[in-house]
Amino acid sequence: MLRPESLRARSPHGIASEIARLAADGTLAPGERLPTVRAIAAALGVSAGTVSAAWRALADAGVIVSRGRAGSFVRSDRSEWLSPRVHELAAPAGPVRLDLSLGTPDPAMLPSLHAAFARVAPRADTGRYNDVPVLPELHALLAETWPVAGVEALTVVDGALDGVARTLEQVVRFGDRVAVESPGFPYFFDLVDALGAEAVPLELDRDGVTPASLSRALTRAPAAVLLQPRAQNPTGVSMSPDRARALARVLLGSSGGRRVTVIEDDHSALVSSAPDVTLARLLPAQVVHVRSFSKSHGPDLRIAALGGPARIVERVVARRMLGPGWTSRLLQTVLVDLLTDASSVARVRSARLIYRDRLDRLASALRRLGVDVGEPDGINLWMPVRDERAAIVRLAASGIAVAAGRPFLTADGAPAPHVRVTGGLVSENTRLVAEALADAAAAPPL
Ligand SMILES: Cc1ncc(COP(=O)(O)O)c(C=O)c1O
């Protein structure tokens, strides 16, 4: 319950900051109704305009919602179907002019599905429930382009996250540990928690996960090591081939390392500019590699390929037969079409070049303004900021949404604050966007 007389600030910015802090630390409960503007103005001895300005800033930052005559409320629209860190990722409500918070591809750059759908079977029939789960022509295409020759088993799953989750389910037991990049993908942390496992953080530098942090993680005997070989989310780092060899050697050099399952999530595959990279070249018997088509061909296709040792891949396939069964052959047919039709192939190739160009231009504009975001690959960049919340609020005020950095970190330590920016969506006014980002990066704590 907010007692207006307990507020110390008198300026719009100060009042907004105090209330944001009270909402963040739980003093103000989600859904709680705030006193009226007039009551607060009277209690503080300021004008109603001052309080209204504070309210507008709070609403823009998604801290409160205004429901007209009913009043203003601490925002409480928890989307219950979202896991904890994923929920934290949700962008604040408010008018957004440029949404760089999503981590999703530019819809304008996805290949059109029209022609592909015209070529699928007219009815959603299937021969038998126990037919081979992957269309032979798709299997052949995947085998030809897989980053390691002679992969033992290949299948198709419902997106990279499905592939990662199903592989983890096969190799991780309650109480096990999973080594995972931090900063890393919030869904992975929630997934590891949901399996009753413990996340062991891996550190990254500009070439990928560091061998030293992998060695350290191996001393804790993880059951699995989860890596993003390219366009790491959120940092945009792609692993160099030398680094892949170094990591494989670390694994080979430790008895625990030779037993661990390595899962590689190549989520941005065909829109990454870096060459294909995998530890499977040196460790074919223990690497499961996942290649998603979400970023290149559309997240709603829900298709990824998964390949690796038969002892793991076949268990994943068998388990799926007791659930979804297989990835719809309609969608597999569409994917085959998109991977072979010349204009779709050209479109995906040009998308990769355009993302490369957009990220390069944004990253160099930021560098000129004194903000170092490295040389990100894919669609995201990881921007250091002085204060995460202040940066988000500052950007919200100019209609730009970015993702909070905190959900991308494991619980340990007190890492430097960052926000994740889906720079691959910045198609124009790059300099102005960079200026707004750099200004937010320097914003002092609220
Ligand atoms: C690291 C990572 N893995 C998986 C995914 C989701 O991929 P998919 O749509 O193939 O499940 C994303 C999406 O951004 C991602 O960043």
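Going along each chain's sequence as written, the residues are numbered from 1 onward. Since the coordinates come from a predicted model, pLDDT governs what is reported: local features require at least 70, and pairs of side-chain atoms require 80 or more to be given and counted, while whole-chain, interface and lining totals use all residues.

Here's the deal with the domain arrangement of the protein chain
- Here the limits of each domain have been adopted from an automatic or database domain assignment. Assigned domains of the protein chain: these are domain 1 (4-74), domain 2 (84-108 + 344-441) and domain 3 (133-341).
- Centre-to-centre separation of domain 1 and domain 3, based on C-alpha positions: 46 Å.

What to know about the environment of T327
- Put simply, DSSP marks the helices as runs of H or I at least four residues long and the strands as runs of E at least two long, and each gets a number from the N terminus on. Here T327 is to be found in the loop between α12 (310-321) and α13 (329-340).
- Residue burial is a threshold on neighbouring C-beta atoms within 10 Å of the residue's own C-beta, all placed from the backbone, with 20 or more meaning buried, 12 or fewer meaning exposed, and counts in between meaning partly exposed. Exposure remark for T327: the 25 C-beta atoms within 10 Å place this residue in the buried category.
- The sequence separation of T327 and R206 amounts to 121 residues, and the corresponding C-alpha distance is 36 Å.
- Here, residues touch in the contact sense if the C-beta positions derived from the backbone fall within 7 Å of one another. Here T327 is in contact with V156, V157, D158, I303 and Q332, once residues within four sequence places are set aside.

Digging into the sheet that holds strand β3 (residues 98-100)
- Here, a strand pair is defined by DSSP locating no fewer than two bridges between the strands. The mixed open sheet is built from 4 strands, whose spatial order is β3-β14-β15-β13. Each edge of the open sheet is held by one strand with a lone partner, namely β3 and β13 (381-384). The mean inter-strand angle of the sheet, taken between neighbouring strand axes irrespective of direction, is 35°.
- Relative to strand β14 (residues 400-404), β3 runs parallel, the two being bridged by 3 bridges. If you follow L100 over to β14, its bridge partner there is V402.
- Between the N-to-C directions of two axes lies an angle of 0 to 180 degrees, each axis being a line fitted to C-alpha atoms and, for a helix, fitted only over the stretch in contact. Strand contacts of helix α15 (residues 388-397): β14 and β15 (418-421), with the helix running at about 160° to β14, the strand carrying the most contacts.

Concerning unusual backbone geometry
- Between S182 and P183 the backbone carries a cis peptide bond, its omega angle lying at 5°.
- Note that P183 resides in the loop between β5 (177-181) and α8 (186-194).
- With an omega of 20°, the peptide bond between N233 and P234 qualifies as cis.
- When you line up the elements, P234 lands in the loop between β9 (224-227) and α10 (241-252).
- One non-glycine residue, A231, adopts positive backbone phi at about 50°.
- Summarising the element assignment, A231 is placed in the loop between β9 and α10.
- Its identity is not glycine, yet N429 carries a phi of approximately 50°, on the positive side.
- Residue placement: N429 occurs in the loop between β15 and α16 (430-441).

What about α16?
- Counted at 1.5 Å a residue, the expected span for α16 with its 12 residues is 16 Å, and the 16 Å between its end C-alpha atoms agrees.
- Where α16 is buried, its residues meet β3, α14 (342-368), β13, α15 and β15. Working rule for helices: expected span equals 1.5 Å times residues minus one.

Here we look at the nonpolar core
- In terms of nonpolar packing, the biggest core is built from 68 residues, with V178, V180, L226 and L335 touching the most fellow members.
- The element that contributes the greatest number of residues to this core is α13, accounting for 6 residues.
- The contacts of L335, once residues within four sequence positions are left out, are L138, F293, H297, L301 and I303.
- Nonpolar cores are built from buried Ala, Val, Leu, Ile, Met, Phe, Trp, Tyr and Cys residues. These are joined into a set through C-beta atoms within 7 Å. By size, the runner-up hydrophobic cluster in this structure holds 58 residues, among which are A23, V74, L359 and A363.

A closer look at the pairing of strand β10 (residues 261-266)
- Counting buried residues along β10, 6 of its 6 residues qualify, which places the element largely inside the surrounding structure.
- Across the two faces of β10 the burial is the same, with T261, I263 and D265 and V262, E264 and D266 all buried.
- Relative to β10, β9 runs parallel, the two being bridged by 4 bridges. Its bridge partner being in β10, L226 is matched across the sheet by I263.
- By convention, a crossover is right-handed whenever its connection, traced from the first strand over the helix to the second and viewed with the strands pointing away, goes clockwise. Regarding the hand of the β-α-β motif, the stretch spanning β9, α10 and β10 is right-handed.
- Here β10 runs beside strand β11 (residues 287-292); their pairing, made up of 5 bridges, is parallel. By the bridge assignment, V262 is partnered in β11 with V287.

Considering the site of the ligand
- Neighbouring the ligand are 13 residues, the closest being G159, A160, N233, S292 and S294.
- Considering only residue class, the shell around the ligand consists of 5 nonpolar, 7 polar and 1 charged. Only the C-beta atom, placed from the backbone, is used; a residue is near a molecule or strand if that atom lies within 6 Å of it. Here the term charged refers only to Asp, Glu, Lys and Arg, the term nonpolar to Ala, Val, Leu, Ile, Met, Phe, Trp, Tyr, Cys and Pro, and the term polar to all other amino acids, Gly among them.

Quick look at the environment of D207
- Relative to the elements of secondary structure, D207 occurs in the loop between β7 (204-205) and β8 (208-209).
- Between the C-alpha atom of D207 and that of V51, which follows or precedes it by 156 residues, the distance is 49 Å.
- In contact with D207, not counting residues within four places along its chain, are M239, S240 and R243.

A short note on the pairing of β15
- The alternating pattern of β15 places H418 and R420 on one face and V419 and V421 on the opposite face, and all of these are buried.
- The sheet contact formed by β13 and β15 spans 4 bridges and is antiparallel. Bridge assignment links W382 to a residue of β15, and that residue is R420.
- Relative to β15, β14 runs antiparallel, the two sharing 2 bridges. Paired with A403 across the two strands is R420, which belongs to β15.

Structural notes on the sheet that holds β10
- If you trace the 7 strands from one edge of the open sheet to the other, you get β4-β12-β11-β10-β9-β5-β6, paired in mixed fashion. Taken across any chain shown, the strands that pair with only one partner, and hence form the sheet edges, are β4 (153-157) and β6 (198-202). With strand direction ignored, the average angle separating the axes of adjacent strands in the sheet is 20°.
- Docked against the sheet, helix α7 (residues 160-171) engages β4, β5, β9, β10, β11 and β12 (304-308), running at close to 175° with respect to β10.

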